[in-house]
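Chains, contacts and geometry: an overview
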Amino acid sequence: FEAKAYQELIRDKGSAPFDERNSAVEIQVEAPVSLKGNTIAVILPFEFAKPDAISKIEALGAVALPFDVVRRHGPNEMVGQIYTIVRDLFSGKHPPGRCTCW
C-alpha cells in the first residue's frame, strides 16, 4: 500500500507549479531519533559554517558541506547548488571514500 501511494504521489501531474517536495517522504515517530551516528552530512550556507557549528556537526560523525549564497537569490536558485553537493557526496567526493550511494 505504502509503495503504491508513494508511486502515485510522485507521478501526480497536478495543476500547481512544480515543486520537488511532492516526492519527499516524511515520517513521524514516538521516540527521539539520535542525529549522532545517523547523520551523513549537513549542507549549510557558508555564513553559518563557523568553527563552533562545524565542530558540532563533526561531533555527530557528519561532514559539514557549506555552499555560497548569492544575495538577492531565493531558494530556487540555491537548489541547484544543493543538488550538486548531494550528488558529489553520494559519489564519494565529500570527503573521498566517506559516503557512496547505496
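What comes next is a walk through the structure. In this text, all values refer to a predicted model and were calculated from it rather than measured experimentally. Once a new chain begins, its residue numbering starts again from 1 and follows that chain's sequence as written. Since the coordinates come from a predicted model, pLDDT governs what is reported: local features require at least 70, and pairs of side-chain atoms require 80 or more to be given and counted, while whole-chain, interface and lining totals use all residues. Note: side-chain values were computed over all heavy atoms of the structure, leaving out hydrogens and water.

A separate point is the overall build of the protein chain. What counts as a helix is a DSSP run of H or I of at least four residues, what counts as a strand is a run of E of at least two, and both are numbered from the N terminus. The helix and strand tally for the protein chain stands at 3 helices and 2 strands. Counting from the amino terminus, the protein chain carries its helices and strands in the arrangement α-β-α-β-α. In what follows, residue pairs with any heavy atoms lying within 4.5 Å of each other are defined as contacts. Looking at the protein chain alone, contacts between residues at least 24 apart form 33% of all its contacts between residues at least 6 apart.

A word on the pairing of strand β1 (residues 41-45). Think of it this way: DSSP has to see at least two bridges between two strands before they count as a pair. Across 5 bridges, the pairing between β1 and strand β2 (residues 63-67) is parallel. Within the sheet, the bridge partner assigned to Leu44 lies in β2 and is Pro66. You can see the chain leave β1, run along helix α2 (residues 51-59) and come back into β2, and the turn it takes is right-handed. When the strands point away from the viewer, a crossover counts as right-handed if the route from the first strand across the helix to the second turns clockwise.

This paragraph deals with the nonpolar core. Throughout this description, the term nonpolar core refers to a set of buried Ala, Val, Leu, Ile, Met, Phe, Trp, Tyr and Cys residues connected via side-chain atoms within 4.5 Å. Burial classes: relative accessible area under 20% of the type maximum marks a residue as buried, over 50% as exposed, and values in between as partly exposed (1.4 Å probe, protein chains only). If you look at the biggest cluster of nonpolar residues, it comprises 6 residues: Val63, Leu65, Phe67, Met78, Ile85 and Leu89. Of all elements in the fold, only β2 and α3 (75-90) reach the threshold of two or more residues within this core.

A few words now on a nonpolar patch on the surface. Two distance rules govern patches: like charges are joined within 9 Å, and nonpolar side chains (Val, Leu, Ile, Met, Phe, Trp, Tyr) within 5 Å, applied only to residues with over 30% relative accessible area and no salt bridge. Each accessible area is a Shrake-Rupley estimate made with a 1.4 Å probe; only the visible protein chains count as cover when residues are assessed. Each salt bridge in this description consists of a side-chain nitrogen of Lys or Arg and a carboxyl oxygen of Asp or Glu lying within 4 Å of one another. Taken together, the side chains of Tyr6, Leu9, Ile10, Val25, Ile27, Val29 and Val33 make up a nonpolar region of the molecular surface, amounting to roughly 690 Å² of accessible area. When you line up the elements, Val25 lands in the loop between α1 (2-11) and β1. For Val25, a relative accessible area of 63% translates into the label exposed.

In this section: unusual backbone geometry. With a phi angle near 75°, Arg72 is a residue other than glycine that sits in the positive phi range. Here Arg72 is to be found in the loop between β2 and α3. Since its relative accessible area comes to 87%, Arg72 is described here as exposed.

By secondary structure assignment, the location of Ala53 is in helix α2. C-alpha separation for the pair Ala53 and Ala64, spaced 11 residues apart in sequence, amounts to 8.7 Å.

Let us look at the pattern of salt bridges. In the structure shown here, the tally under the stated rule is 4 salt bridges. We note a salt bridge from Glu8 to Lys4, for which the minimum N-O separation is 4.0 Å. Note that Glu8 and Lys4 are positioned in helix α1 at a spacing of 4 residues, about one turn of the helix. A salt bridge links Lys56 to Asp52; the nearest nitrogen and oxygen atoms lie 3.4 Å apart. With Lys56 and Asp52 both in helix α2 and 4 residues apart, this pair spans about one turn of that helix.

Further remarks concern the side chain of Thr39. Structurally, the position occupied by Thr39 is in the loop between α1 and β1. Pairs of N or O atoms are called polar contacts if they sit within 3.5 Å, as long as, within protein, a hydrogen donor faces a hydrogen acceptor (for residues adjacent in sequence, only side-chain-to-side-chain pairs). A distance of 2.8 Å separates a polar side-chain atom of Thr39 from the backbone oxygen of Leu35. Setting aside residues up to four positions removed in sequence, Thr39 forms contacts with Leu60, Gly61 and Ala62.

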